[in-house]
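Given next are the chains, with one letter for each unit.
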Amino acid sequence: TFNGQTITLSVNEEEDNSAEFIGYYGSFTLPVNNGYEDISLGKVVFKATHNGKYESFSSGNIVCKKPDFIVEFDPDATPLGDRYINVGSGIIAEIVGYEAETFDAYSTDDASRPTNNYLPKGTVDYCAQGSVYSKDKKEYAVLRCGRQVYLKRKDIPRNSETVITTKRAGLLPETNQLNIASFENTGRHTVLTLDTAWKAPFFFDLLPQAYTSPSKQDYSVSNVTSRYIDITFCYSDTLDGELIIPEDNPIFSHFEIIKNTSDYTLRLFLKKQGGFYGWDCYYNEQNQLVFEFLNPAKITTAENKYGVDLTGVVILIDVGHGGIDIGAEGFDSKNHNEAIQNLALANKLANELKCTGATVYATRNDNSTSSTDDKIKILKNIKPDFCIAIHHNSYYTAKPSGFESRYFNSFSKNAAEYVYNHTYNTGIYQNHKFGWHYYFMARETTCPIVLTENGFISNSYDYANIVSEAANIKKAEAITRGIAEYFAKIQ
């Protein structure tokens, strides 16, 4: 019972109820506070009966806080559209971080999804008066476009807070007008530039693509089936300008402009199924909206042990942990913790990749602290053709062992699979795993990104190979073969 409402809790079927405890769930709707004072709602009181036994317990006092801004709610502020939600008008949320990851509106599960695109710095939209809080107390602003974004985010491992979104009182235009300014091939990227009346949000969808079980937060894919991308410009009533796709464009064949109920969609068709390699977007100095699509890197065959010449290919090695973050502890945590072993393997991988002619960067080259923001800013600055993350696993028992190759976005799936296959063939590991994972770096869309877990530092068999120079050379060669095959297959 809470605030005059009484509900019967239900068993949470998605939890593992085979153990000693059974999880129950229920939900209450909080009142809307449009006033100048906080509203005390009292306590949540739980009552349970079982086999004639009875128990009752309660929470602390819960308060519905007054809004930061007192605005007049406009029920007609939200255009008709299948993704838009009504948050009223009067409060504007602005993305002030370099980008904002988006989540489903009014969700508290803090779940990252490859179907929810990032929004660039400068994006503005109406937002709800109140905030949504996740289970670990992260605070979100709920946007009219049907997404929510962080207000602040911790920069791990420094744990300093980065402001992502700010709120202010104000009004936005009812609609947006866009004009295609240019579409050109700059060498490594195909660049689409648009003039826009204001910096409204957009949806970016790679379609069609089936996922294993989105309802259970499993976005693994059996096959990469995408044939086009849809960019839907929220609240747009105009999408003009000339768009000519040259025949020699390496990604796109043709396009279509689709008028929806409340906006426009630009559909760009891929030249081949799954032939998409990454994207990024930002507002330039002229306040134009710029999309950069990664072109497939051109390579040639070579008479080296990898069979390819990767001259001109840019590869970023994300070296896990470092500095104040030692990662997983090994049997000798001072000399062989994860941060040190990640760097040792990364250095060997860099040497192998350079032998192919590739230009190689790393998120760190020594035992320095490398935070989440550090890594992502390097990625966005370098704009590589491929990113490989080097980690080692750990568990609270010594039993688990083996190699893992993971991806987040569907266009990274094949790259991760090639790395997995070649590592599997080395015979170094006793166990192997391949599939989807929500690792923060892999969620970026700039290029294919592969997360590798190169053995369990908590397992004696894996640990012996982790500290073995000969084994690490074999691991680096296997990963390089996987990367080489990826670039050979996309020609």
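Everything that follows concerns the structure shown earlier in this document.
These figures come from a predicted structure and were not determined experimentally.

What counts as what
Residues numbered from 1 in each chain as written. Predicted model: local features only at pLDDT ≥ 70, side-chain atom pairs only at ≥ 80, totals over all residues. Heavy atoms only, no water. Core = buried A, V, L, I, M, F, W, Y, C linked by side-chain atoms within 4.5 Å. Buried < 20%, exposed > 50% of the residue type's maximum accessible area, 1.4 Å probe, protein only. Helix = DSSP H or I, 4+ residues; strand = E, 2+ residues; numbered from the N terminus. Contact = heavy atoms within 4.5 Å. Disulfide = S-S within 2.5 Å. 1 Å grid on protein atoms, 1.4 Å probe; cavity = no way out; pocket = protein on both sides within 12 Å on 5 of 7 lines; lining within 4 Å. Points joined across faces, edges and corners; volume = space filled by probe spheres on them. Nonpolar A, V, L, I, M, F, W, Y, C, P; charged D, E, K, R; others polar. Pairing = 2+ DSSP bridges. Axes fitted to C-alpha atoms, helices over the stretch in contact; angles between N-to-C directions. Phe/Tyr/Trp six-rings, centres within 6.5 Å; stacked < 30°, edge-to-face > 60°. Lys NZ or Arg CZ within 6 Å of the ring centre and 35° of its normal. Parallel < 35°, antiparallel > 145°, perpendicular 65-115°, else oblique. Left-handed = near helix turned anticlockwise from the far one by under 90°. Expected span 1.5 Å × (residues − 1). Patch = residues over 30% accessible without salt bridge, like charges linked within 9 Å, V, L, I, M, F, W, Y side chains within 5 Å. Areas by Shrake-Rupley, 256 points an atom, 1.4 Å probe, with all protein chains shown as cover. Salt bridge = Lys/Arg side-chain N within 4 Å of Asp/Glu carboxyl O. Lys, Arg positive; Asp, Glu negative; His and termini not counted. Charge placed at Lys NZ, Arg CZ, Asp CG, Glu CD.

Trainee: Would you mind going over the nonpolar core in detail, with residue names and values included?
Mentor: Nonpolar side chains in soluble globular proteins tend to be buried together. By size, the foremost hydrophobic cluster in this structure holds 58 residues, and its most contacted members are Ile315, Ile317, Phe386, Ile388, Ile483 and Phe487. When residues of this core are traced back to their parent elements, those giving at least two are β28 (314–319), α2 (338–355), α3 (372–382), β30 (386–393), β31 (403–407), α4 (413–424), β33 (449–456) and α6 (469–489). Setting aside residues no more than four positions away along its own chain, isoleucine 388 makes contact with Leu316, Ile317, Asp318, Leu349, Val419, Val450, Thr452, Ile479 and Ile483. Grouped together as the second largest cluster of nonpolar side chains are 57 residues, Tyr84, Val124, Leu143 and Leu289 included.

Trainee: Mind laying out the state of the cysteines, listing which residues take part and the relevant values?
Mentor: What we call a disulfide is simply a covalent bond connecting the sulfur atoms of a pair of cysteines. One pass over the full model with this rule turns up zero disulfides. Cysteine 127 takes part in no disulfide bond, and the closest cysteine sulfur, belonging to cysteine 145, lies 11 Å away. Overall, the relative accessible area of 2% leaves cysteine 127 in the buried class. With no disulfide of its own, cysteine 145 lies closest to cysteine 234 among cysteine sulfurs, the gap being 5.1 Å. Its relative accessible area of 2% is what places cysteine 145 among the buried residues.

Trainee: Talk me through the layout of surface pockets; I want residue IDs and the actual numbers.
Mentor: In this structure, the largest pocket spans a volume of roughly 2,200 Å³. Phe2, Ser27, Phe28, Thr29 and Leu30 are the residues nearest the centre of the largest pocket, which is lined by 48 residues in total. Broken down by secondary-structure element, the contributors of at least two residues to the lining of the largest pocket are β4 (45–50), β6 (62–64) and β11 (124–133). Across the lining of the largest pocket, the residue classes break down as 24 nonpolar, 16 polar and eight charged. Size it by volume and the second largest pocket reaches roughly 930 Å³. What lines the second largest pocket is a set of 35 residues, among which Lys138, Arg153, Lys154, Ile156 and Thr372 lie closest to the centre. Listing elements by their share of the lining of the second largest pocket, those giving two or more residues are β8 (99–100), β14 (152–155) and α3.

Trainee: Let's hear about the sheet that holds strand β7 (residues 91–95): which residues, and what values?
Mentor: Spatially, β9-β13-β12-β11-β7-β16 is the arrangement adopted by the six strands of the open sheet, whose pairing is antiparallel. Edge positions in the sheet fall to β9 (102–104) and β16 (165–169), since each of these pairs with one other strand and no more. Taking the axes of each pair of neighbouring strands and ignoring which way they run, one obtains an average angle of 45° across the sheet. The pairing of β11 with strand β12 (residues 139–143) spans four bridges and is antiparallel. Residue tyrosine 133 lies in a different strand from β12, and its bridge partner there is glutamate 139.

Trainee: Which residues make up the packing of aromatic side chains, and what values do they have?
Mentor: In the structure shown here, the tally under the stated rule is 35 aromatic pairs. Through a chain of ring-to-ring contacts, the aromatic side chains of Phe183, Phe202, Phe204, Phe233, Phe252, Phe276, Trp279, Phe291, Phe293 and Phe411 assemble into a single cluster. The cationic tip of arginine 83 hangs over the ring face of phenylalanine 203; the distance from NZ or CZ to the ring centre is 4.0 Å. Sitting above the plane of the tyrosine 235 ring, arginine 144 keeps its charged end 4.0 Å from the centroid.

Trainee: How would you summarise the packing of α2 against α6 if you had to cite specific residues and measurements?
Mentor: The N-to-C vectors of α2 and α6 enclose an angle of 55°; their axes lie 8 Å apart at closest approach. Classified by the angle between their axes, α2 and α6 sit oblique to one another. Where α2 crosses over α6, the two elements pack in a sense that is right-handed. Between α2 and α6, the residues in contact are Gln341, Leu345, Lys348, Leu349, Glu352 and Leu353 and Glu469, Asn472, Ile473, Lys475, Ala476, Glu477, Ile479, Thr480 and Ile483, respectively. Partitioning the contact of α2 with α6 into residue classes produces seven nonpolar, three polar and five charged.

Trainee: I'd like a description of the side chain of asparagine 454, backed by residues and values.
Mentor: Structurally, asparagine 454 can be placed in strand β33. With a relative accessible area of 0%, asparagine 454 lands in the buried category. With near-sequence residues (within four places) excluded, asparagine 454 lies in contact with Leu345, Ile390, His391, His392, Phe403, Tyr429, Ile466, Lys475 and Ile479.

Trainee: Requested: an account of α4, with residues and values cited.
Mentor: The first and last C-alpha atoms of α4 sit 16 Å apart over 12 residues, in line with the 16 Å expected at 1.5 Å per residue. For α4, the complete set of buried residues consists of Lys413, Ala415, Ala416, Tyr418, Val419, Tyr420 and Thr423. In the core, the buried residues of α4 are packed alongside β30, β31, β32 (432–436), β33 and α6.

Trainee: Tell me about a nonpolar patch on the surface, and please be specific about residues and values.
Mentor: A cluster of nonpolar side chains, namely Ile7, Leu9, Ile22, Tyr24, Phe46 and Phe57, defines an oily patch on the protein surface of about 550 Å² accessible area. Position of phenylalanine 46 among the secondary structure elements: in strand β4. Look at phenylalanine 46 and you get partly exposed, because its relative accessible area is 31%.

Trainee: Which residues make up a negative patch on the surface, and what values do they have?
Mentor: On the surface, a cluster of negative charge is made up of Glu72, Asp74, Asp76 and Glu174. One can find glutamate 72 in the loop between β6 and β7. Given a relative accessible area of 72%, glutamate 72 falls into the exposed group.

Trainee: Before we move on, could you go through the packing of α4 against α6 and cite the residues and values that matter?
Mentor: Running from amino to carboxyl end, α4 crosses α6 at an angle of 140°, the nearest separation of the two axes being 7 Å. Comparing the axis directions of α4 and α6 gives the class oblique. Relative to α6, α4 is oriented so that their crossing is right-handed. Residue-level inspection shows Ala415, Tyr418, Val419, His422 and Thr423 of α4 in contact with α6, the latter providing Ala478, Ile479, Arg481, Gly482, Ile483, Glu485, Tyr486 and Lys489. The residue inventory of the contact of α4 with α6, partitioned by class, reads seven nonpolar, three polar and three charged.

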